[in-house]
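Next come the chains, spelled out residue by residue.
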Amino acid sequence: MSDVYQAPESDLVVQTEYDSSEYGSIEDAITGNYKFEIGEVLSEAWAKVSGSKGAFFLAFIMMYVIMIGAIMISFAILAADTGSIGSIISQLIINIIILPLLAGLFIMGIKRSVDAPISATNIFQHFNKAPKLFVGMILMQLLIFIGYLLLILPGIYLTIAYFMAIPLIAEKDMGIWEALETSRKAVTKRWFSFLLFFIIMTIIFFISSIPFGIGLIWTFPMFVIAYGIIYRNMFGVNPETLEQ
């Protein structure tokens, strides 16, 4: 009987070693000791699209429907109160609902990057972090806005540098300022690579959307998975994340 349960225990150990040693860590990311080759990231992401399109597409549809619902609620609030209070409440509702879903989508990409099972319902698993994600986004946007006021370039820098802050809050359960600074320090080591990655993905999205957006069925999950691969290579993945 003990032999029957030996294999799962062995798999768990292998998975933990896989996460902690084969890929990155927070310490390595901050020092720039991580691999980021755009061609390799896109190639691996494209290969992992196969078998995952359905989950990502369903997740996107659910996010879209929920987002429309949140916007309709915000319009109803604005119709009842057109003042600043109504506007603040409507924006609060939208962000509180959308940010956890977005974080869940990022986690799907991270899980797929290590070939862990994914489900469209993964997007609902981070609502317990909604307040932290909301405050983190507000602070991020404020700092980026201030950066744009300071001759634009600091704002462009921070827009790219905070690229990993949201998944660090969701996946590593970091504090807000810790996540922002960890992302900034780590991304800065390869800042121009991240900028080039954004440019390339923007071009890919544009081209794939030309034929009635059909190509987005492949390029949307490709981007999310590529995001997860970059995150994996930088920070590694917590074993608890793969069990969700």
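Before any of the text, the structure's been laid out above.
Note that the coordinates shown come from a computational prediction; the quantities given were computed from them, not determined experimentally.

Rules used in this analysis
Residues numbered from 1 in each chain as written. Predicted model: local features only at pLDDT ≥ 70, side-chain atom pairs only at ≥ 80, totals over all residues. Heavy atoms only, no water. Core = buried A, V, L, I, M, F, W, Y, C linked by side-chain atoms within 4.5 Å. Buried < 20%, exposed > 50% of the residue type's maximum accessible area, 1.4 Å probe, protein only. Contact = heavy atoms within 4.5 Å. Salt bridge = Lys/Arg side-chain N within 4 Å of Asp/Glu carboxyl O. Axes fitted to C-alpha atoms, helices over the stretch in contact; angles between N-to-C directions. Helix = DSSP H or I, 4+ residues; strand = E, 2+ residues; numbered from the N terminus. Parallel < 35°, antiparallel > 145°, perpendicular 65-115°, else oblique. Nonpolar A, V, L, I, M, F, W, Y, C, P; charged D, E, K, R; others polar. Expected span 1.5 Å × (residues − 1). Arc of directions from axis to C-beta.

Participant: Even after reading the chapter, I still don't get the nonpolar core, so can you show me in this structure?
Facilitator: General note: in soluble globular proteins, nonpolar side chains tend to be found buried as a group. If you look at the biggest cluster of nonpolar residues, it comprises 67 residues, and the most contacted ones within it are Leu 105, Met 164, Phe 194, Phe 197 and Met 234. Those residues within four positions of Met 164 in sequence are excluded, and the remaining contacts are Ser 183, Val 187, Phe 194, Tyr 227, Ile 230, Tyr 231, Met 234 and Phe 235.

Participant: Would you take a moment to explain the pattern of salt bridges for this structure?
Facilitator: Think of it this way: side chains of opposite charge can pair up when their charged atoms draw near. Scanning the entire structure with this criterion turns up 7 salt bridges. Salt bridges sharing partners connect three or more residues here, namely Glu 44, Lys 48, Asp 115 and Arg 232.

Participant: Looking at this model, I keep getting lost on the packing of helix H7 (residues 153-161) against helix H9 (residues 176-188). Mind explaining?
Facilitator: Two numbers describe a pair of packed helices, the interaxial angle and the distance between the axes. With their axes 8 Å apart at the nearest point, H7 and H9 run at an angle of 100 degrees to one another. The orientation of H7 with respect to H9, classified from their angle, is roughly perpendicular. The segment H7 lies against H9, with Tyr 157, Leu 158, Ile 160 and Ala 161 engaging Ser 183, Arg 184, Val 187 and Thr 188. Class assignment for the residues of the contact of H7 with H9 results in 5 nonpolar, 2 polar and 1 charged.

Participant: What exactly am I supposed to notice about the packing of H7 against helix H10 (residues 191-209) here?
Facilitator: Packing of H7 against H10 brings their axes to within 10 Å, and their N-to-C directions diverge by 80 degrees. Between H7 and H10, the angle is such that the two are roughly perpendicular. Contact residues: H7 offers Ile 156, Tyr 157, Ile 160 and Ala 161, while H10 offers Trp 191, Phe 194, Leu 195 and Phe 198. Partitioned by chemical class, the residues of the contact of H7 with H10 number 8 nonpolar, no polar and no charged.

Participant: What's the story with H10 in this structure? I'm lost.
Facilitator: Each α-helix winds once per 3.6 residues, and so residues spaced three or four apart point in a common direction. Along its 19 residues, H10 runs 27 Å from first to last C-alpha, staying within 8% of the 27 Å computed at 1.5 Å per residue. For H10, the set of buried residues is Trp 191, Phe 194, Phe 197, Met 201 and Ser 208. Seen from one end, H10 has its buried residues packed into an arc of 115 degrees, which puts them on one side. Exposed side of H10, more than 90 degrees from the buried face: Phe 192, Thr 202, Phe 206 and Ile 207 are the residues found there. Turning to H10, the residues buried within the fold contact helix H3 (38-49), H7, H9 and helix H11 (216-235).

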